[in-house]
Amino acid sequence: MTMLLNALQADITCLQVDAIVNAANESLLGGGGVDGAIHRAAGPGLLEECRRLGGCPTGEARITAGYRLPARHVIHTVGPVWRGGRHGEAELLAACYRNSLQLAARHGLHSLAFPCISTGIYGYPAEEAAQIAVTTVREALHGSALREVLFCCFSATDLAIYRRLLGL
Ligand code: AR6
């Protein structure tokens, strides 16, 4: 089966995919950045379901419904806070992508959109984060039922990085 890896510049809350990924924090109770935007667009049902999950450790992922979003599901993952790069940040960021893909596959989802996890409030350098995202997704997709993975960039700068890494 052909797998499509693509990058686009968009507000992730507008994407009509099986699941969008949320760059959440360990409480899963909302915050700023893309997390705040997703909760605002999804409505209060999302926070209610998140409360029942009881949090999520860094590097892991949890799935909920999408409520008022055009996406059917939200996969919440918690990226690492950048602390200079010698505190396991790369491995934890890779785990976010791997665990999100695994969860999507387990739920029979076909299309998934990622934001640039950890590169906003959590301070992960954009180029290094994008390299990890692309490498990890490419590796994890072998034998996966997923058909389409989108890297949803908020800025033109991020989009340029992903387009280069993906050869687009
Ligand atoms: N659509 C797509 N991407 C977006 C959107 C959007 N609507 N809004 C922001 N981004 P950040 P983090 C991009 O800070 O670094 C929250 O408070 C943004 O430009 O959202 O993982 C959580 O609760 C950047 O490229 O997430 C945590 O406490 C990327 O999304 C903390 O922030 C990630 O930036 C997580 O920090």
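The structure this text deals with has already been given above.
Counting starts from 1 at the beginning of each chain's written sequence and moves along it residue by residue. For this predicted model, a pLDDT threshold of at least 70 governs which residues receive local features, and a threshold of 80 or more governs which side-chain atom pairs are given and counted, while totals over whole chains, interfaces and linings are taken from all residues. In computing side-chain properties, one takes all heavy atoms of the structure into account and sets aside hydrogens as well as water.

**A closer look at the pairing of strand E6 (residues 148-153)**
Successive side chains on a regular strand alternate, one facing one side of the sheet and the next facing the other.
Move 1: Of all six residues in E6, five are buried, a share of seventy percent or more.
Move 2: Pairing of strand E1 (residues 4-9) with E6 involves six bridges; the strand directions are parallel. Bridged to Ala7 within E6 is Phe151.
Move 3: Two strands make a pair as long as DSSP finds a minimum of two bridges between them. Note on conventions: DSSP H or I runs of at least 4 residues are helices, E runs of at least 2 residues are strands, and numbering of each starts at the N terminus. Sheet analysis places strand E5 (residues 111-114) next to E6, joined by four bridges and oriented parallel. Residue pairing across strands places Leu112 opposite Val149, the latter belonging to E6.
Move 4: Between E5 and its parallel partner E6, the chain crosses via helix H4 (residues 126-140), and the hand of that crossover is right-handed. Relative accessibility thresholds used throughout: buried, under 20% of the residue-type maximum; exposed, over 50%; partly exposed, between the two (1.4 Å probe, protein chains only). Seen with its strands pointing away from the viewer, a crossover is right-handed when the path leading from the first strand over the helix to the second is clockwise.

**Notes on the site of the ligand**
Move 1: Only heavy atoms are used to decide nearness, and a residue is near a molecule or strand if one of them lies within 4 Å of it. Looking at the ligand, there are 21 residues lining it, with Asn25, Gly32, Val34, Asp35 and Ile121 nearest.
Move 2: One of the backbone nitrogen or oxygen atoms of Gly120 is found 2.8 Å away from an oxygen atom of the ligand.
Move 3: N or O atoms within 3.5 Å of each other form a polar contact, as long as, within protein, one can give a hydrogen and the other can take it, and as long as residues adjacent in sequence are counted only when both atoms are side-chain atoms. Here Tyr122 contributes a backbone N or O atom positioned 3.0 Å from an oxygen atom of the ligand.
Move 4: Look at the ligand: alone it shows 690 Å² of surface, and the protein chains cover 90% of it.
Move 5: When residues of the shell around the ligand are traced back to their parent elements, those giving at least two are strand E2 (19-24) and helix H1 (33-42).
Move 6: In terms of residue count, the dominant contributor to the shell around the ligand is H1 (four residues).
Move 7: Side-chain classes are defined by residue name, with Ala, Val, Leu, Ile, Met, Phe, Trp, Tyr, Cys and Pro counting as nonpolar, Asp, Glu, Lys and Arg as charged, and the others, Gly among them, as polar. Residue composition of the shell around the ligand, by class: ten nonpolar, eight polar and three charged. In short, Shrake-Rupley with a 1.4 Å probe defines the accessible areas, and a residue's cover is counted only from the protein chains shown.

All quantities given are derived from atomic positions and should not be read as evidence of function.
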